[in-house]
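Architecture and fold: a report
What follows is the residue order along each chain.
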Amino acid sequence: MPKLTIDVIAGARPNFMKLAALFAVRDLFPSLDLRFIHTGQHYDFNMSDVFLRDLSLPDPRIHLGVGSGTHAYQTAEIMKRYEEWILQFPPEICVVVGDVNSTIACGLAAKKCNVRLAHVEAGLRSFDRRMPEEINRVLTDTISDFLFITEPSAEVNLKKEGHDSRSIFYVGNTMIDTLLRMKPRAERLSQHQKFGLEVRRYAFLTLHRPSNVDDPRLLDEIMAQMVWVSQRLPVIFPCHPRTAKNLSAAVRGRPNLQIVEPLGYLESLSLTLDAKMVITDSGGLQEETTVLRVPCLTLRENTERPITLSQGTNTLINNDWTLFRRCVEQIMAGGYRQGAESIPLWDGSAGRRILSILEKAFVSS
Ligand code: UD1
C-alpha cells in the first residue's frame with residue numbers, strides 16, 4: 001500500500017523541538033512517510049546541528065541551504081527552493097510549525113502546488129503586527145487545512161477570523177512533548193556545574209527579539225537591569241548572534257553576568273530546570289517554564305501564549321522596570337506564584353494526536 005508522504009518543515013532553532021515530537025512517534029504510524037525538510041534559515045552549528053544531535057533527529061531528506069537575508073529575500077528564496085522539491089517529489093501533506101519565515105514560506109509554496117497544509121501551533125496571536133512572527137502566524141493560518149492548537153485562546157482567535165471549527169484540532173503542545181521526553185537526560189546533565197553555578201541560585205537569561213535587541217540604546221537599558229539582577233544573583237546569558245552584534249563592551253567581562261555562546265537543547269533545558277528564574281523574550285521558554293514551574297519574567301509588551309500568564313509562571317514586564325525589580329525580589333524571597341500543576345493536553349502526546357488525525361484524514365479522503 002502506498003504511504004502517505006508528509007513533509008515536515010524546520011528551519012530555525014525553535015522549530016526543531018516541535019518537529020522532533022512527530023519523528024519520535026513515527027514508528028507508530030507505518031502508513032506515513034515523514035520527510036524532514038530543513039530550509040537552512042539557521043545554519044550555525046549551535047543554532048541548528050546541535051539540536052538535530054540532541055533531539056536524535058534523522059538527517060534532513062533535503063537541506064535547502066537558504067541562510068540569512070532580509071525577510072523578503074529569505075522568504076522568497078525558501079519558497080523557490082521548496083517549490084522545486086515539491087515539483088520533483090510531491091508530498092500529500094506539508095506540516096509547518098510555529099511562526100518563523102520558513103513556516104510561511106513553505107506553507108505558501110505547498111498550498112500553491114495544491115498540497116494540503118497543516119499548521120502546528122496555529123491560532124496564537126500577540127495582536128502586534130510589528131512582530132514578523134505575527135504576520136507569519138496570521139498568513140499561515142489563513143491558508144492551512146489543519147489547524148493544530150496548543151491552548152483554548154487559539155480556538156477563539158481562529159473562530160473570530162472565520163475559520164471553520166472542523167479544521168481546528170486542540171492537540172496539545174509538541175514542544176512540551178519533547179521537553180517531557182528529554183527532561184531525564186537534561187536532569188542528568190547538571191549543566192549549572194559547568195558554569196560554576198548552584199541549583200536555584202542563578203537567573204537564566206535569553207534575549208533575541210528584534211524589538212529588544214536591534215536598537216543598541218534599548219539593549220543597553222535592558223542590560224543595565226540585568227546588571228542589577230547580577231548584583232543579587234548570578235546570571236547566565238547564552239547570547240543569540242543577532243543580540244551579540246549590538247551588545248556593548250560595558251556589559252562584557254562582569255563576574256556575575258556570564259555571556260556565553262548559544263546553547264544546545266539539552267544544555268539549555270538543564271539550565272532552565274535548575275534556575276531560580278528565567279528572564280526572556282522567547283516564546284517557547286514562556287511555555288517551558290510554565291510546565292517546569294520555574295518563574296519566568298518576559299521582557300515583552302504582549303504574549304501570544306496567554307495561558308502562561310493565566311495558569312503558568314509567566315509575568316509580562318512591558319518595560320516596567322519597577323515591576324521587574326519587584327518580581328525579582330519576590331522570586332528571591334520565595335513569594336512568587338508557582339502556577340497550575342498541569343496545563344490541559346500538555347501531556348507528551350500532542351505529536352501522536354497530530355499524526356493520528358492526519359492519517360485518518362488521508363484514509364477517509
Ligand atoms: C528567527 C525567528 C524568530 C525565532 C528565532 C529563534 C523569523 C522571522 N524569526 O529569528 O521567530 O524566535 O529565529 O532564534 O523567522 N544568524 C547567525 N547564525 C544562524 C542564524 C542567524 O549568525 O545560524 C544571524 C544572522 O546574522 C542573521 C540574524 O542572526 O541575520 C538573524 O537571523 P534570522 O533567521 O533572520 O532571524 P532570528 O533573529 O534568528
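Just so it is clear, the structure is predicted and the values come from calculations on it, not from any experiment.

A separate point is the side chain of threonine 140. Within the secondary structure layout, threonine 140 lies in helix H5 (residues 132-143). A residue is classified by how much of its surface remains accessible, and threonine 140, at 0% relative accessible area, is buried. Among residues more than four places away in sequence, those in contact with threonine 140 are Val96, Thr103, Ile104, Leu117 and His119.

Around the ligand, the surrounding shell holds 19 residues, and the nearest of these are Gln41, His42, Glu133, His208 and Arg242. At 2.8 Å from an oxygen atom of the ligand is found a side-chain nitrogen or oxygen belonging to arginine 242. Here lysine 245 contributes a side-chain N or O atom positioned 3.0 Å from an oxygen atom of the ligand. Contact with the protein chains removes 88% of the 740 Å² of surface that the ligand exposes when unbound. For the shell around the ligand, the secondary-structure elements that each account for two or more residues are helix H1 (13-23), helix H3 (71-88) and helix H10 (241-244). Class assignment for the residues of the shell around the ligand results in 5 nonpolar, 8 polar and 6 charged.

The strand order S10-S9-S8-S11-S12-S13 describes an open sheet built from 6 strands, whose pairing is parallel. In this open sheet, the two strands that pair with only one neighbour each are strand S10 (257-260) and strand S13 (314-316). Each strand axis lies, on average, 20° off the axis of its neighbour in the sheet, ignoring direction. Of the pairings in the sheet, the one linking strand S9 (residues 235-238) to S10 comprises 4 bridges and is parallel in character. Paired with isoleucine 236 across the strands is glutamine 258, a residue of S10.

For the rest of this paragraph, the subject is H3. For H3, which comprises 18 residues, the first-to-last C-alpha distance of 26 Å matches the rise-based estimate of 26 Å (1.5 Å per residue) to within 8%. Of all the residues in H3, the buried ones are Gln74, Thr75, Glu77, Ile78, Tyr82, Trp85 and Ile86. Seen along its axis, H3 keeps its buried residues to an arc of 165°; they face one direction. Opposite the buried face of H3, at more than 90 degrees from it, the exposed residues are Ala72, Glu84, Leu87 and Gln88. Its buried side turned inward, H3 meets strand S1 (4-10), strand S2 (32-38), strand S3 (62-63), strand S4 (93-97) and helix H4 (101-112).

A word on the pattern of salt bridges. Two side chains carrying opposite charge are able to pair once their charged atoms lie near each other. A full pass over the atoms with the stated rule returns 26 salt bridges. A salt bridge links arginine 53 to aspartate 54; the nearest nitrogen and oxygen atoms lie 3.2 Å apart. The class of arginine 53 is exposed, set by a relative accessible area of 53%. Across the salt bridge formed by arginine 130 and glutamate 301, the nearest N and O atoms sit 3.2 Å from each other.

Attention now goes to helix H9 (residues 216-230). Relative to the 21 Å expected for 15 residues at 1.5 Å per residue, H9 spans 20 Å between its end C-alpha atoms, a close match to the ideal helical length. Regarding H9, the residues found buried are Leu218, Leu219, Ile222, Met223, Gln225, Met226, Val227, Trp228, Val229 and Ser230. Its side-chain oxygen 2.9 Å from the backbone nitrogen of arginine 217, aspartate 215 forms the N-cap of H9.

Further remarks concern the side chain of threonine 272. Here threonine 272 lies in helix H11 (residues 265-273). If sequence neighbours within four positions are ignored, threonine 272 has contacts with Phe204, Val278, Leu285, Thr289, Leu292 and Val294.

Time to look at the packing of helix H7 (residues 174-189) against helix H12 (residues 284-292). Viewed as axis vectors pointing N to C, H7 and H12 meet at an angle of 50°, and their least axial separation amounts to 10 Å. Here H7 lies oblique to H12, going by the angle between them. For the pair H7 and H12, the sense of crossing is right-handed. Residues Met175, Ile176, Leu179, Leu180 and Lys183 of H7 touch H12, and the partners they reach there are Gly284, Glu287, Glu288, Val291 and Leu292. Its residues placed into classes, the contact of H7 with H12 shows 6 nonpolar, 1 polar and 3 charged.

So, how was this worked out
- Residues numbered from 1 in each chain as written.
- Predicted model: local features only at pLDDT ≥ 70, side-chain atom pairs only at ≥ 80, totals over all residues.
- Heavy atoms only, no water.
- Helix = DSSP H or I, 4+ residues; strand = E, 2+ residues; numbered from the N terminus.
- Buried < 20%, exposed > 50% of the residue type's maximum accessible area, 1.4 Å probe, protein only.
- Contact = heavy atoms within 4.5 Å.
- Near = heavy atom within 4 Å.
- Polar contact = N/O pair within 3.5 Å; in protein donor to acceptor, adjacent residues only side chain to side chain.
- Areas by Shrake-Rupley, 256 points an atom, 1.4 Å probe, with all protein chains shown as cover.
- Nonpolar A, V, L, I, M, F, W, Y, C, P; charged D, E, K, R; others polar.
- Pairing = 2+ DSSP bridges.
- Axes fitted to C-alpha atoms, helices over the stretch in contact; angles between N-to-C directions.
- Expected span 1.5 Å × (residues − 1).
- Arc of directions from axis to C-beta.
- Salt bridge = Lys/Arg side-chain N within 4 Å of Asp/Glu carboxyl O.
- Parallel < 35°, antiparallel > 145°, perpendicular 65-115°, else oblique.
- Left-handed = near helix turned anticlockwise from the far one by under 90°.

By themselves, these observations are geometric and do not establish any function.
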